[in-house]
Amino acid sequence: MADQIPLYPVRSAAAAAHRKRAASYSAAGPGSGAEWPSSRYQLEDESAHLDEMPLMMSEEGFENDESDYHTLPRARTARRRRGLERFVCGGWKLLCASCCDWLVNICQRKRELKARTVWLGCPEKCEEKHPRNSIKNQKYNIFTFIPGGFVLAVTIMREAIDEFRRFQRDKEVNSQLYSKLTVRGKVQVKSSDIQVGDLIIVEKNQRIPSDMVFLRTSEKAGSCFIRTDQLDGETDWKLKVAVSCTQRLPALGDLFSISAYVYAQKPQLDIHSFEGTFTREDSDPPIHESLSIENTLWANTIVASGTVIGVVIYTGKETRSVMNTSNPKNKVGLLDLELNQLTKALFAALVALSVVMVTLQGFVGPWYRSLFRFLLLFSYIIPISLRVNLDMGKAAYGWMIMKDESIPGTVVRTSTIPEELGRLVYLLTDKTGTLTQNEMVFKRLHLGTVSYGADTMDEIQGHLRNPCPQMQSQAGGNNASSTPPRKAQSSAPKVRKSVSSRVHEAVKAIALCHNVSPVYESRAGVGGEAEYAEADQDFSDGNRTYQAASPDEVALVQWTESVGLTLVSRDLGSVQLRTPSGQIQTYCILQMFPFTSESKRMGVIVRDESTAEITFYMKGADVAMSSIVQYNDWLEEECGNMAREGLRTLVVAKRALTEEQYQDFESRYSQAKLSIHDRALKVAAVVESLERQMELLCLTGVEDRLQADVRPTLELLRNAGIKIWMLTGDKLETATCIAKSSHLVSRTQDIHIFRPVTNRGEAHLELNAFRRKHDCALVISGDSLEVCLKYYEHELAELACQCPAVVCCRCSPTQKARIAKLLQHHTGKRTCAVGDGGNDVSMIQAADCGIGIEGKEGRQASLAADFSVTQFRHIGRLLMVHGRSSYKRSAALGQFVMHRGLIISTMQAVFSSVFYFASVPLYQGFLMVGYATIYTMFPVFSLVLDQDVKPETAMLYPELYKDLTKGRSLSFKTFLVWVLISIYQGGILMYGALLLFESEFVHVLAISFTALILTELLMVALTIRTWHWLMAVAEVLSLGCYVASLAFLNEYFDVAFITTVTFMWKVSAITMVSCLPLYVLKYLKRKLSPPSYTKLAS
């Protein structure tokens, strides 16, 4: 460890506060209270046995110390209060404070969420009051909206229009009519009038209005499909199952002839879980049926097949969809923050100038009155119109982005931050569906001793066409021979099976173990029941599509179809497969165990109806399955090999069950599902009792292809100085492979794979090992990342930011968002997040700029993002062209608007100084209004059309983008240059007019104001880098408006004087002196120190 480089613990705000407290304790004297914190940490460090390593202390201590630290001054204050008077005053203050706190708590207290018992069709039996089932997406109420109206009219009008549109959308949704089932029959109710306990009928293609338990359906199978893309962003249909007790009732009206209720857990956020029970009391014995997620219909999903009837359990703000609707932070662009800083500096200058004027005036008379008058006179220093100009400019940039034919389908959803696209340093991207197409293609089947690839799939077809003896005996339907195969299977590990039989078993397992449903489109176009009726009769391949919760599942079933074993029918209780010979094999589904992110596997128990054999099939990720399957020596190695090829792997296994084993399992499983407390844990424990010593059948490899032009786009972004981090939930090997194949990491570049760490010591050693590496990409898993962020957040951020590329695998959505916040906090640079799925939304909302891709995983990320694109390759043009021009234009526009206010304030200051510091306005009435609007507004705003380089050049030389991240277009340096220009021009205009006027003071106004307008128009022309025809129109139009208005300004100007040659030459001379030197300086600067883009343009 001699060469070990020390790592220093995180210096958090809490740690700094602790050091201050430690100092105050030691100064106070050696008391127990003074020594307690330090001794605590000493004990903690000794117990860690890591004295030689400077590691961070636990955060718990800091949290616990806070209370002691804050109570110390209170204790001293209490000791100082002596006497009856102070006691009474202190008691009165405490009483008042307590009353105020109590009132605040009463006003702000949230209603506690509780579990509930819901009686079918009897909302009046509900014991407590539930929220109305109305939707409210409005952001404001009357009290929070009005005060903003006094600040900026343009922004408020935009918000008001958006709010009114939201109100109209809410009203439309809340007014939708639904059929409510009552004792007297069906009645129509508005969505907002639906109550907990109501029985609601929802037709096909209709939105589900509230969270319901699924009671009945018109479908014969007792199930229906729903579309959930508006809830979880997934485009695949979900299968929902009706409560069997109510589905079996002969008629719809029988729901009121039974006495039944639903117990539902308290409302919660998780849309993928639900625990409840259905109880029918009027039967003997009472019927209890467990309810899970498959029995629920969440609000804002769409019924895709048949008609459904459900009992309402959650309404309004207690529905899953509303509880998962978070208010994302209002993003403020870096340019806006920089302009805010400059505006603060201008305000300080305004106050300072006013104080100087009053001081030079000698504080004569009521000086404070003069101070306020000067503050009003110089108030043009504060650019009030800046916000309006920038908002209009941002709207123009958004329109240009959406109209760009090179990136069709791009949508600007947040119009306030287009300049952020030109300041990005870190790009955080998802992998699946973002860099890849999320289109799965089956590539590899590995049986342990033999592997089949794309070019040898015909061998599998050959095996399936020639059924093995075991399959022939099953096909013959000989019940007497059903026992021997089961015995043969149970002793399978001891008997080496032929390759043909292993292929048969592997393909059959893949064809049975999934959640895919074949859907047959109705040719007649009639309702859902006809679809099912036709599905029972018509198994033609051209009329069949597959629906599943994952494209991986569909790819596997499509592959089994391609090799000859076709999934033709599936309902809740059975699966039908068609063999290559055309024979239909029917399997009864006994149990289904869906895939979850925690278990990382799924399973199914089926009974072969021809042989009565019961088999438990399971498939899942290798990390989950390796401990479940029997010992083998090839699985881990082959998983690694496939992952290096960029394939997504699944391990498939099976276990044969006897009738007795299954019956024992079923009784325990049913009992666990009915439990109200810790149901998930009990169910998982029962299922795990089956997952032992399973027979490994095969390993599958599915490829996810790269998006179009991903490699050149990533190279373009790298050349632009943008560091790219890939954050994915996939396994380490697959993520590393995609990083290489997409050229995120070059093939010659070293990759440092961060070893798994579980504690502070391991993290310390691994970080030291990583610190010695230079110019290598980092690959780290989510678990190791969590440990490092806990103890060494600063060190990890510092080291990772030096890497050319970072890949974080096995990342959860919250970890993705945390990484975005980590980069913002530690680097201060702008971050951009790119994703396409619901799991990317938190990262997109946490980043400074979020880009969503409309992909196979739905539109949830696209709708939550600031910018939406259809393909990853469009990001290059979005940043290089539109990001550049938006930032450059807004920087020029903002500084010019400030210049416009500064120049007239300088003229006012010169005017007041000449006339003995009198607080008298130079220009009054319409002149000031016209100056800020029709005389200069159009030319100044035309700067939003300016561009320094052509789009083709910006795409060809992405290195130009690096200059933007330095922020040189808008800084205190450029701001000071504009301040000096304003002072120079304002002084020249005012002194020039005072020197050249001869008889009447009104001539000073005419000369100076006309020269001011001409100077502003010429300065716009001086600032423009590439002329657009609208710019010329704006200049001519503004000049024309001013000349035309001179005829009506006889109140301010001497009309006879402004038509003379004397007026003309004086105005021309002053304008020439104010502008010509700046033109000369600009020309010399361009010649002597040209910017980088001019070299390329030449």
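Residues numbered from 1 in each chain as written. Predicted model: local features only at pLDDT ≥ 70, side-chain atom pairs only at ≥ 80, totals over all residues. Heavy atoms only, no water.

Chemist: Which residues make up the packing of aromatic side chains, and what values do they have?
Modeler: Inspection of the entire model under this criterion finds 21 aromatic pairs. On the numbers, 6.4 Å between centres and 85 degrees between planes, the contact of Phe-972 with Phe-975 is edge-to-face. On the criterion of helical spacing, the pair formed by Phe-972 and Phe-975 is a turn pair, its members being three residues apart in helix H36 (residues 972–996). The exposure class of Phe-972 is partly exposed, given its relative accessible area of 47%. Here Phe-975 falls in the buried class, since its relative accessible area comes to 6%. Connected via pairs of aromatic rings, a cluster forms that spans Phe-593, Phe-616, Tyr-662, Phe-665 and Tyr-669. (Phe/Tyr/Trp six-rings, centres within 6.5 Å; stacked < 30°, edge-to-face > 60°. Helix = DSSP H or I, 4+ residues; strand = E, 2+ residues; numbered from the N terminus. Buried < 20%, exposed > 50% of the residue type's maximum accessible area, 1.4 Å probe, protein only.)

Chemist: Give me the lowdown on helix H24 (residues 732–741), citing residues and values where you can.
Modeler: Counting buried positions over the 10 residues of H24 gives seven, a clear majority of the element. Of the residues one or two after H24, His-743 is the one with positive phi, at around 65 degrees.

Chemist: Could you give an account of the packing of helix H26 (residues 782–791) against helix H28 (residues 813–827), naming the residues involved and the relevant values?
Modeler: It is at 12 Å that the axes of H26 and H28 come closest, and there the two elements cross at 45 degrees. It follows that H26 is oblique to H28 by the angle criterion. Of the two possible hands of crossing, H26 and H28 adopt the one that is left-handed. Seen from H26, the contacting residues are Gly-782, Asp-783, Leu-785, Glu-786 and Leu-789; seen from H28, they are Gln-815, Arg-818, Ile-819 and Leu-822. (Axes fitted to C-alpha atoms, helices over the stretch in contact; angles between N-to-C directions. Parallel < 35°, antiparallel > 145°, perpendicular 65-115°, else oblique. Left-handed = near helix turned anticlockwise from the far one by under 90°. Contact = heavy atoms within 4.5 Å.)

Chemist: Can you tell me about the environment of Val-1004, naming the residues and giving the values?
Modeler: Along the polypeptide, Val-1004 turns up in helix H37 (residues 1001–1023). Given the relative accessible area of 0%, Val-1004 is considered buried. Filtering out sequence-adjacent residues up to four positions away, Val-1004 remains in contact with Met-990, Ala-993, Leu-994 and Phe-997.

Chemist: Outline the pairing of strand E25 (residues 647–657), supporting the account with residue identities and numerical values.
Modeler: Of all the 11 residues making up E25, nine are buried; the element is thus mostly covered by neighbouring parts of the structure. Two strands pair when backbone bridges link them, and strand E24 (residues 614–620) and E25 are joined in this way by seven bridges, in the antiparallel orientation. Bridge pairing in E25 places Phe-616 opposite Arg-655. As paired elements, E25 and strand E26 (residues 695–706) share eight bridges and run antiparallel to each other. Within E26, the residue paired with Thr-649 across the bridge is Gly-701. (Pairing = 2+ DSSP bridges.)

Chemist: Give me the lowdown on the side chain of Arg-648, citing residues and values where you can.
Modeler: By the element assignment, Arg-648 lies in strand E25. Of note is the side chain of Arg-648, whose polar atom sits 2.9 Å from the side chain of Asp-552. Apart from the residues within four sequence positions on either side, Arg-648 is in contact with Lys-431, Thr-432, Met-440, Asp-552, Thr-700, Gly-701, Val-702, Asp-704 and Asp-730. (Polar contact = N/O pair within 3.5 Å; in protein donor to acceptor, adjacent residues only side chain to side chain.)

Chemist: Tell me what's going on with the sheet that holds strand E10 (residues 287–291), and back it up with residues and numbers.
Modeler: In spatial order, the strands read E1-E8-E9-E10; together these four strands make up an open sheet with antiparallel pairing. Strands at the two margins of the open sheet, each flanked by one partner only, are strand E1 (116–119) and E10. On average, each strand axis in the sheet is tilted by 20 degrees relative to the strand beside it, whichever way the strands run. When strand E9 (residues 276–280) meets E10, the two strands line up antiparallel, connected through five bridges. Counted as the bridge partner of Thr-277 is Ser-290 from E10.

Chemist: Quick one: what's the story with the packing of helix H10 (residues 334–361) against helix H11 (residues 367–377), residue by residue and with numbers?
Modeler: Any two packed helices are characterised by how steeply their axes cross, that is the angle between the axes, and by the distance between the axes. Where H10 contacts H11, the axes come no closer than 9 Å and their chain directions differ by 140 degrees. Relative to H11, the element H10 lies oblique. For the crossing formed where H10 meets H11, the hand is right-handed. Contact residues: Leu-350, Val-351, Ser-354, Val-355, Met-357, Val-358 and Gln-361 in H10; Trp-367, Ser-370, Leu-371, Phe-374 and Leu-375 in H11.

Chemist: So what about the nonpolar core? Which residues, and what values?
Modeler: Core analysis: the largest hydrophobic core is formed by 79 residues, its most contacted members being Ile-851, Phe-867, Phe-872, Leu-878 and Leu-879. If we skip the residues at most four places from it in the chain, Phe-867 touches Ile-401, Val-411, Val-412, Thr-414, Ile-417, Pro-418, Leu-421, Cys-849, Gly-850, Ile-851, Gly-852 and Leu-878. (Core = buried A, V, L, I, M, F, W, Y, C linked by side-chain atoms within 4.5 Å.)

Chemist: Please set out the sheet that holds strand E7 (residues 237–241) residue by residue, giving values where relevant.
Modeler: Here three strands make up an open sheet; going across it, the order is E7-E6-E12 and the pairing antiparallel. Edge positions in the open sheet fall to E7 and strand E12 (302–303), since each of these has one partner strand only. Note: strand E6 (residues 223–227) against E12, two bridges, orientation antiparallel. If you follow Arg-227 over to E12, its bridge partner there is Ile-302.

Chemist: Before we move on, can you summarise the environment of Val-686 with the specific residues and values?
Modeler: Residue position: Val-686 is located in helix H22 (residues 679–688). Given the relative accessible area of 10%, Val-686 is considered buried. Not counting chain neighbours up to four residues away, the residues in contact with Val-686 comprise Phe-665, Arg-668, Tyr-669 and Ala-672.

Chemist: Before we move on, can you summarise the environment of Ile-722 with the specific residues and values?
Modeler: Within the secondary structure, Ile-722 is located in the loop between helix H23 (710–719) and strand E27 (723–727). Sequence spacing of Ile-722 and Cys-832 is 110 residues, and the spatial spacing of their C-alpha atoms is 10.0 Å. Dropping the residues within four chain positions of it, Ile-722 is found in contact with Leu-424, Val-425, Tyr-426, Leu-427, Leu-717, Leu-879, Met-880 and Tyr-961.

Chemist: Just give me the short version of a nonpolar patch on the surface, but keep the residues and values in it.
Modeler: Taken together, the side chains of Leu-1018, Met-1072, Leu-1076, Tyr-1079, Val-1080, Tyr-1083, Leu-1084 and Leu-1088 present a nonpolar region at the surface, about 800 Å² in accessible area. Tracing the backbone through its elements, the reader meets Tyr-1083 in helix H39 (residues 1061–1088). (Patch = residues over 30% accessible without salt bridge, like charges linked within 9 Å, V, L, I, M, F, W, Y side chains within 5 Å. Areas by Shrake-Rupley, 256 points an atom, 1.4 Å probe, with all protein chains shown as cover. Salt bridge = Lys/Arg side-chain N within 4 Å of Asp/Glu carboxyl O.)

Chemist: If you had to explain the side chain of His-752 to someone new, which residues and values would you point to?
Modeler: Note on placement: His-752 falls in strand E28 (residues 751–753). Residue class for His-752 comes out buried when judged on its relative accessible area of 6%. There is a polar contact of 3.3 Å between the side chain of His-752 and the side chain of Glu-766. Engagement of the side chain of His-752 in a polar contact is seen with the side chain of Lys-773, the distance being 2.9 Å. Apart from residues lying up to four places away in sequence, His-752 is in contact with Glu-766, Phe-770, Lys-773, Cys-776, Ala-777, Leu-778 and Val-779.

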